[in-house]
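Residue-level structure breakdown
The lines below spell out each chain.
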Amino acid sequence: MDHDNPHIVPVLLCGGSGTRLWPLSRKSYPKQFAQLLGDETLFQQAARRFVPAQGTDAPEAPVFDAPLVVTGSDFRFIVVEQLQQIGLDPGAVLIEPEGRNTAPAVLTAAYYLLARDPQAIMLVAPSDHAIPDPAAFRAAVGRGLSAVRNGRIVTFGITPDRAETGYGYLELAAAPDDAGAVDLVRFVEKPDAEAARAMLASGNFLWNAGIFLARAADMVQAFHTHAPEVVEPVSAALKSATADLGFLRLDPRAYAKVPSISVDYAVMEKAGNLAVVPFSDGWSDLGGWDAVWRAQDPDEQGVALSGPAHAIGCRDSLLRAESDAQVLIGIGLDNIIAIAMPDAVLVARKDRAQDVKLAVDLLRRQQQTQAEMLPRDYRPWGWYETLVLGGRFQVKRIVVNPGASLSLQSHHHRAEHWIVVEGTAKVQIDDETRLITENQSVYIPLGAVHRMENPGKLPMVLIEVQTGSYLGEDDIIRYDDIYARGQGAKG
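On a predicted model such as this, the values are computed, not experimentally measured, just so you know.

In the structure shown here, the tally under the stated rule is 23 salt bridges. A single network of salt bridges, built from pairs that share partners, joins Asp377, Arg379, Lys396 and Glu473.

Okay, structure coming up:
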């Protein structure tokens, strides 16, 4: 490695549930994997942020390696697929057995990188933030390298443009400039309105972006000094990690002993070697629908639209429809958020955006599937959605990616009828294998061992009709699976 112009490994954290952007973001498919702003998902935008287009960066700009991704088991195939969709090398993917907040994830990544390069530099970044000017952000990363070489941990502070009460703040030892890193005095929790106005007026407070640049060795040392309770279980989980296809799965027994704590609380608020690089070229954590409204550049009436949504006489409102089969129209709305999904609709005052989590809590208490599950369920081979659900039958639309295959499986309680509507399916039922083309169908009796593949070069679409006494996704026995998922609904 050229340490005069060092390579930096972006560490993308993508294990959050994003409940504040319900109903678009849910536990089964959180906001980082959704096309919230533009044609790419937030995760894809975060990964592409560190792949500069030719000629966009100065020669002395930092060089970024393939990202290291830390995510949960349910999202491991989504991560790889979304990176491949934009032509990026997935790099290493570390799988957390369970979410334990950001501190264990950061330390795991630091240990992993340190074992491969004692001089490794890591840039820890959430995968669900919006940064409209990636080149400017890469330049800001470059301004922090001098402090990193001197053993500092660098965090990035966003120049505030309003007295925001939804962000934490960083107090700087001096007024920020564009020369490089500034000493950090302290972290400040989310303030009330009066304190936020005072900090904005003082000129030496920045928003805390939660992005960190450091040598992996210095990050590990910071944990040893300030959060030793995290070190032993994380170290054990990584040492006992097992390879799972192209992933590295942390040991679940060791990881279960890791305390659930944020990296800010565990280390950053205690460490004395922190510095801050100011950044003033646009950033949002998209932590609520009000932030999405702001990031969408509302028109002169303050209205932001997405999808088949229309506004008549509205002001300062966000209207978003997520299905082409569903039209959303707002009339005379003022300061309103309206989000329409096929299975759930949210309508709220924009100044109550942070209370969306109350809706999720309510639905969880009522055991409503909309609290955590999207109508569309993503799998490594593609996705499916339920069209009709009755007491003893269910109709699904299933989309299988080119070259993909469902597991070889059987069911105890249901039979299935498949009708291909686009493409060709290669179907195995017990000892018989045949091709099913458009407008053809096949019946899978209860208990039959079966598999479906897409041998074509385009997505294959079929309608599945299930009939039986129990239609849950856990009624599945896998005999063979190219994705090594094991048993259970998702494995």
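The next subject is the side chain of Asn335. Mapped onto the fold, Asn335 is located in the loop between strand S16 (328-331) and strand S17 (336-340). According to the relative accessible area criterion, Asn335 is buried, its value standing at 16%.

UniProt feature "domain: Mannose-6-phosphate isomerase type II C-terminal" (unreviewed entry): in the numbering of this structure it lies at residues 369-481. Structurally, residues 369-481 comprises 0% helix and 56% strand, and the distance from its first C-alpha atom to its last is 27 Å.

In this structure, the amide linkage connecting Trp22 to the following residue, Pro23, adopts the cis form with an omega of 10°. The topology assignment puts Pro23 in the loop between strand S1 (7-14) and helix H1 (42-48). At Leu245, a residue that is not glycine, the phi angle is positive and equals roughly 55°.

Across a sheet, paired strands are connected by hydrogen bonds in the backbone, their directions being either parallel or antiparallel. Pairing in this open sheet of four strands is mixed, and the strands run S13-S15-S17-S18 from one edge to the other. Of all strands in the sheet, those bounded by a partner on one side alone are strand S13 (303-306) and strand S18 (345-349). Sheet twist, expressed as the mean angle between neighbouring strand axes with direction ignored, is 5°. Two elements, strand S15 (residues 317-321) and S17, share four bridges in a ladder whose sense is parallel. By the bridge assignment for S17, Leu318 is matched with Ile337.

Our next topic: the nonpolar core. With 94 residues, the main nonpolar core has Leu123, Phe137, Phe156, Ile211, Leu213, Trp289 and Met452 as its most contacted residues. The dominant element in this core, judged by the number of residues it contributes, is helix H4 (residues 134-149), at seven residues. Filtering out sequence-adjacent residues up to four positions away, Leu123 remains in contact with Ile8, Val9, Pro10, Val11, Phe50, Phe64, Phe137, Val141, Phe156, Ile211, Phe212 and Leu213. In terms of nonpolar packing, the next biggest core, distinct from the first, is built from 53 residues, Leu68, Leu184, Phe212 and Phe223 among them.

Our next topic: a nonpolar patch on the surface. Nonpolar side chains collect at one region of the surface, where Ile312, Val327, Ile329 and Ile331 lie side by side and expose about 410 Å² of accessible area between them. The residue Ile312 is located in strand S14 (residues 309-312) in this model.

The next thing to look at is the domain arrangement of the protein chain. Taken domain by domain, the protein chain holds domain 1 (7-279), domain 2 (289-366) and domain 3 (376-480). A straight line from the C-alpha centre of domain 1 to that of domain 3 covers 39 Å.

Our next topic: the packing of helix H6 (residues 216-226) against helix H7 (residues 228-239). To characterise two packed helices, one gives the angle between the axes of the helices and the distance between these axes. Direction vectors running N to C along H6 and H7 enclose 120°, while the axes themselves pass 5 Å from each other. Considered as vectors, H6 and H7 are oriented oblique to each other. Along its contact with H6, which presents Phe223, His224, Thr225 and His226, the element H7 presents Pro228, Val230 and Val231. Here the residues of the contact of H6 with H7 are counted per class, giving four nonpolar, three polar and no charged.

Analysis parameters
- Residues numbered from 1 in each chain as written.
- Predicted model: local features only at pLDDT ≥ 70, side-chain atom pairs only at ≥ 80, totals over all residues.
- Heavy atoms only, no water.
- Salt bridge = Lys/Arg side-chain N within 4 Å of Asp/Glu carboxyl O.
- Helix = DSSP H or I, 4+ residues; strand = E, 2+ residues; numbered from the N terminus.
- Buried < 20%, exposed > 50% of the residue type's maximum accessible area, 1.4 Å probe, protein only.
- UniProt positions renumbered as here; feature names shortened; annotations may be inferred.
- Pairing = 2+ DSSP bridges.
- Axes fitted to C-alpha atoms, helices over the stretch in contact; angles between N-to-C directions.
- Core = buried A, V, L, I, M, F, W, Y, C linked by side-chain atoms within 4.5 Å.
- Contact = heavy atoms within 4.5 Å.
- Patch = residues over 30% accessible without salt bridge, like charges linked within 9 Å, V, L, I, M, F, W, Y side chains within 5 Å.
- Areas by Shrake-Rupley, 256 points an atom, 1.4 Å probe, with all protein chains shown as cover.
- Domains from an automatic or database assignment.
- Parallel < 35°, antiparallel > 145°, perpendicular 65-115°, else oblique.
- Nonpolar A, V, L, I, M, F, W, Y, C, P; charged D, E, K, R; others polar.

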